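Structure at a glance
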Amino acid sequence: MSHEDIHPDFGHVPKSKGVPRSLIVAVAIGLVLTFSIAAGVIVLSGYGHRWPSVTTLRETLK
């Protein structure tokens, strides 16, 4: 045990056990879902839109 392991006010400094595997899995699933939703938004962004062209400007009025 070295001098850095003992805090003058609190005694022994606790050691970290690292990042749990469940947190890594949750972050990975979150990233996959985020990019999947973003890809769906990009793919479906043109649905229902007509780009300005010669034919779209000549719609008949009813």
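Residues numbered from 1 in each chain as written. Predicted model: local features only at pLDDT ≥ 70, side-chain atom pairs only at ≥ 80, totals over all residues. Heavy atoms only, no water.

Right, let's get into the overall build of the protein. Helix and strand content of the protein: one helix and two strands. Start at the N end of the protein and walk to the C end: the helices and strands fall as β-β-α. Across the 62 residues of the protein, 0% fall into the buried class. (Helix = DSSP H or I, 4+ residues; strand = E, 2+ residues; numbered from the N terminus. Buried < 20%, exposed > 50% of the residue type's maximum accessible area, 1.4 Å probe, protein only.)

On to a nonpolar patch on the surface, then. On the surface, a cluster of nonpolar side chains totalling about 600 Å² of accessible area is made up of Val 19, Leu 23, Ile 24, Val 27, Leu 31 and Phe 35. Under the relative-accessibility criterion, Leu 23 is labelled partly exposed at 45%. (Patch = residues over 30% accessible without salt bridge, like charges linked within 9 Å, V, L, I, M, F, W, Y side chains within 5 Å. Areas by Shrake-Rupley, 256 points an atom, 1.4 Å probe, with all protein chains shown as cover. Salt bridge = Lys/Arg side-chain N within 4 Å of Asp/Glu carboxyl O.)

For the rest of this paragraph, the subject is the confidence of the model for the protein. The predicted model of the protein has a mean per-residue pLDDT of 80, with 69% of residues at 70 or higher. Ranking the helices and strands of the protein by mean pLDDT puts helix H1 (residues 21-44) first, with 96, and strand S1 (residues 6-7) last, with 66. (pLDDT = per-residue confidence, 0-100.)

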